Amino acid sequence: MLSRAIPSNTATLKSAKYMPTVLGLDSSTQSLSAIILDTNSGAVVAEDSVTFGAEFPNYRQPHGYDESGARGEIHANPMMWLEALDLLLARMVKNGVDFSKVASVSGSGQQHGSVYLRGCFGKKLASLNASKSLKEQLEGCLTRQSSPIWMDSSTSTECAEIADAVGGNDVVCAKSGSIAVERFTGPQIRKFAKTDPEAYAETGIIHLVSSYFASIMAGRNVAIDHGDGAGMNLMNLANGDWDLDLVNATADGLADKLPSCEPSATKSGKISNYFVEKYGFSPDCETVIWSGDNPCSLIGMGAWEAGKIVISLGTSDTLFAAMPEPQTDPNGFGHVFGNPAGGFMSLICFKNGSLAREAVKEQFDLDWSAFDQEELAKTPAGNGGLMMLPFYEPEITPRLDTGGPVFSREGDHCAGETVRAVLEGQFLNMRANFGWLGVKPTRISLTGGASENDGIAQVIANVFGVPVDRLDVPGSATIGAAVRAAHGIGGDLEKLAGQFSQVKEGRTIEPEVGAMEVYEGMVEKFEEFVEAQG
Ligand code: ADP
Ligand code: XUL
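Residues numbered from 1 in each chain as written. Chains lettered and ligands numbered in written order. Predicted model: local features only at pLDDT ≥ 70, side-chain atom pairs only at ≥ 80, totals over all residues. Heavy atoms only, no water.

Draft legend 1. The arrangement of empty space enclosed by the protein in detail. Under the criterion given, the structure shown has 2 cavities of 30 Å³ or more. Estimated volume of the largest cavity: approximately 50 Å³. Together, Asp 317, Phe 350, Asn 352, Pro 390, Phe 391, Glu 395, Gln 426, Asn 429 and Met 430 line the largest cavity. Top contributing element to the lining of the largest cavity by residue count: helix H17 (residues 415-433), with 3 residues. Classifying every residue of the lining of the largest cavity by side-chain character gives 4 nonpolar, 3 polar and 2 charged. In this structure, the second largest cavity occupies an estimated 40 Å³ of space. A per-element tally of the lining of the second largest cavity places strand E17 (residues 317-323) first, with 3 residues. Looking at the lining of the second largest cavity, its residues break down into 6 nonpolar, 2 polar and 1 charged. (1 Å grid on protein atoms, 1.4 Å probe; cavity = no way out; pocket = protein on both sides within 12 Å on 5 of 7 lines; lining within 4 Å. Points joined across faces, edges and corners; volume = space filled by probe spheres on them. Helix = DSSP H or I, 4+ residues; strand = E, 2+ residues; numbered from the N terminus. Nonpolar A, V, L, I, M, F, W, Y, C, P; charged D, E, K, R; others polar.)

Draft legend 2. Summary view of the site of ligand 1. Ser 28, Thr 315, Glu 358, Gly 449 and Asn 453 are the nearest of the 13 residues found near ligand 1. Within the side chain of Thr 315, one N or O atom sits 2.7 Å away from an oxygen atom of ligand 1. Note that an oxygen atom of ligand 1 is positioned 2.9 Å from one of the backbone N or O atoms of Gly 449. Coverage of ligand 1 by the protein amounts to 74% of the 580 Å² it exposes when considered alone. When each cavity is represented as a set of grid points, ligand 1 is found to reside in the largest pocket. Its residues assigned to classes, the shell around ligand 1 shows 3 nonpolar, 9 polar and 1 charged. (Near = heavy atom within 4 Å. Polar contact = N/O pair within 3.5 Å; in protein donor to acceptor, adjacent residues only side chain to side chain. Areas by Shrake-Rupley, 256 points an atom, 1.4 Å probe, with all protein chains shown as cover. Sits in = over half its atoms within 2 Å of the grid points.)

Printed below as a string of structure tokens:
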């Protein structure tokens, strides 16, 4: 059984001196972003972002990852991420950003992705030379040249093996908060250990995307936090530490290759001298361990206490909320992660998020404004009975590979119908899969790149039948990372949320009465449609 064991960092909170300017970094699927917040005035001091596909065409990964691998393998290049970090910070300095004022830095990483490094990684980090690049100096540390990321679905065999070894998926779920899941790090590690045992044996430490970056910022190996650690099928939620049954069922010798697991507000020491010398950070700048993008978003949306439901429309779409009591999804699709403020959060991930919407946008050669203002607007709520299973890629929730989108009616569907069908399919699917949280939302907070789109926000408001609030600044994971940097050195979360997690005036979308009724009647039909394909 799960218990309420994951602690917050209240000791640090009371003792630390409050410092005003903080930096949040966010290494997401497609980009690396930075935001500097002044926690005295509530101002956003600076923001910048590097998009992997556009800025590093030499890696030939237009969306930031390589999907040419066999049977659902999707990997990214951990050296591209380092090039992005050097580029981003250098560009910010060139644009006049003064990093010497930053008192603390933390970050957010796409969840589940893993980086495999030699034992010398920690030593290398401690002696980085500011006149060389991170890539030049750290490339030799990799024992695996690429990192499996959250989109990878190639480990069904390993999931079954891990579950069998510990007594079934019920046991995996009760211990870790999720059944064994293809994209989670444990099954990915097992596959690596099986397919390349020599490289696995040479691996001294395995980091998540979050702890990899956090280690680089701190100049030493640092911990994985409870938010991101819970996405590995390796951490025991009841005590916030590695679960040795799961670890031993995953791969031989794994316990010695994992960093420690700590509360999210843990400080990880002063910033590495590399960043002091190269980008002008103060040698007194503190670092705070990083978390996953969804736990960071929970903080950035001011939703760390139970009551708010957040929908994030990024590369994946996710629905999450702080949990009053930890409970797991009986269907095995949803997850329980550590809440960076202490306790737990739920998370449901839908793989067919922005990339499915982009596929429709590209199919009809639209821009985002035409997508909703022209095409969506042409069709009525309910699309005249036309439904779509919007699973352009094999879906995670529900676990279903339909080999592409499936319409409930055959024939040619025009742009307006297809735009509406993909959106209604996505949000009816969300509605059909969030019941296990036991929360009846009265409002929804919306974030992520696509939350800017009024038409998409309107469909969500109508499908869920509640108002949808959008924040002043769209990058909630990046803000959450910066807020966590402040929290780690004693900042007050309530005050920070008051400053940075406010709904922008005029940005709330109210549900439309007629449309709400149409969707109320469609949820069951949609569920039957899914069932018929399963
Ligand atoms: P991630 O953090 O996963 O990289 P983001 O939250 O930054 O993703 O969102 C990026 C996505 O947002 C892009 O892939 C794009 O499809 C989508 N997006 C950006 N602007 C719009 C818009 N106006 N309407 C719909 N989608 C948009
Ligand atoms: C969550 C998930 C994705 C990634 C990338 O479980 O797989 O949301 O965190 O954003």
